[in-house]
Amino acid sequence: MPFRSWLQPRPLFWVTQLVMSDPRIYQGKDLEAMSFAVNYHRWILREIRPFLGEHVVEVGAGTGNFSELLLREQPETITLLEPSGMFDQLQKRMAATESRTRVELRNATFREVSRSLAVDARPDTIVYVNVLEHIEDDQGELLAAFDSLSSGGRCIVFVPAFQ
């Protein structure tokens, strides 16, 4: 591939097909495409870094691309939620990742675990990176997130343009 072709505009995402009635079914290809977008993920992290706390929940962790960057920030705890079949890949990736952070993995949606998170230890940061646009009841999702946060906690939402 000639160097010049890298300068031509290219789509960043493939078309994603979702079955919204069941969040565990994910047929998209955008996570595979975005696994190579390391600089993009680093840029997002730079933007949200000042708002990260010590007890982080990442909703829709996928295969762990962004999760690995969050772990480098060394929060005290991080809970990674992934309801789809990609959870197995996330487990394998996190098992191979060294960190001082206490990592908890859950094969669930946020709404499925929000009450238990609020009882166990309220998170001070809930992160949605390129996830909220895939959730049918986004308003209900955010209400559950805010109800789960500790006092003064933050919900960080990053969505693609025009979503």
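Keep in mind the model is a prediction, meaning the values are calculated, not measured.

As for the overall build of the chain
Item 1. Across its full length, the chain holds six helices and five strands.
Item 2. Overall, the chain shows an N-to-C arrangement of helices and strands of α-α-β-α-β-α-β-α-β-α-β.
Item 3. Out of the 163 residues belonging to the chain, those deemed buried represent 41%.
Item 4. Taking as baseline every contact in the chain between residues at least 6 positions apart, the subset at least 24 positions apart corresponds to 64%.
Item 5. By element, 52% of the accessible surface of the chain is carried by carbon and sulfur atoms, the whole surface being about 10,000 Å².

A look at the pattern of salt bridges
Item 1. Here the structure, examined in full by the defined rule, presents four salt bridges.
Item 2. For glutamate 68, the salt bridge identified is with arginine 93, shortest N-O distance 3.1 Å. Of the two residues, glutamate 68 is situated in helix α3 (residues 65–72) and arginine 93 in helix α4 (residues 87–95); the sequence distance between them amounts to 25 residues.
Item 3. One salt bridge connects glutamate 104 with arginine 106, and the closest N-O pair in it is separated by 2.6 Å.
Item 4. According to the relative accessible area criterion, glutamate 104 is partly exposed, its value standing at 30%.
Item 5. Judged by its relative accessible area of 14%, arginine 106 is buried.

What about α4?
Item 1. For α4, the full list of buried residues reads Phe87, Leu90 and Met94. Relative to the axis of α4, the buried residues are bounded by an arc of 55 degrees and lie together on one face. Along α4, the residues that are exposed and aim more than 90 degrees away from the buried face are Lys92 and Ala95.
Item 2. In this fold, the buried residues of α4 make contact with α3, β2 (77–81) and β3 (102–106).

Section: the pairing of β3
Item 1. Across five bridges, the pairing between β2 and β3 is parallel. Its bridge partner being in β3, leucine 81 is matched across the sheet by arginine 106.
Item 2. Since β2 and β3 lie parallel, the crossover through α4 that links them has a hand, and here it is right-handed.

Topic: the side chain of asparagine 130
Item 1. Note on placement: asparagine 130 falls in the loop between β4 (125–129) and α6 (138–148).
Item 2. Within the structure, asparagine 130 has its side chain in polar contact with the side chain of tyrosine 40 (distance 3.1 Å).
Item 3. When near neighbours in sequence (up to four residues on either side) are disregarded, asparagine 130 contacts Tyr40, Phe158, Val159 and Pro160.

Quick word on unusual backbone geometry
Negative phi characterises most residues that are not glycine, and trans characterises most peptide bonds.
Item 1. Here glutamine 74, not a glycine, exhibits a phi torsion of approximately 55 degrees, which is positive.
Item 2. Secondary-structure assignment places glutamine 74 in the loop between α3 and β2.
Item 3. Residue glutamine 74 is classed as partly exposed on the basis of its relative accessible area, which comes to 44%.
Item 4. If you check the backbone angles, asparagine 130 has positive phi at about 55 degrees while not being a glycine.

Reading the values: the criteria
Residues numbered from 1 in each chain as written. Predicted model: local features only at pLDDT ≥ 70, side-chain atom pairs only at ≥ 80, totals over all residues. Heavy atoms only, no water. Helix = DSSP H or I, 4+ residues; strand = E, 2+ residues; numbered from the N terminus. Buried < 20%, exposed > 50% of the residue type's maximum accessible area, 1.4 Å probe, protein only. Contact = heavy atoms within 4.5 Å. Areas by Shrake-Rupley, 256 points an atom, 1.4 Å probe, with all protein chains shown as cover. Salt bridge = Lys/Arg side-chain N within 4 Å of Asp/Glu carboxyl O. Arc of directions from axis to C-beta. Pairing = 2+ DSSP bridges. Right-handed = clockwise from strand over helix to strand, strands pointing away. Polar contact = N/O pair within 3.5 Å; in protein donor to acceptor, adjacent residues only side chain to side chain.

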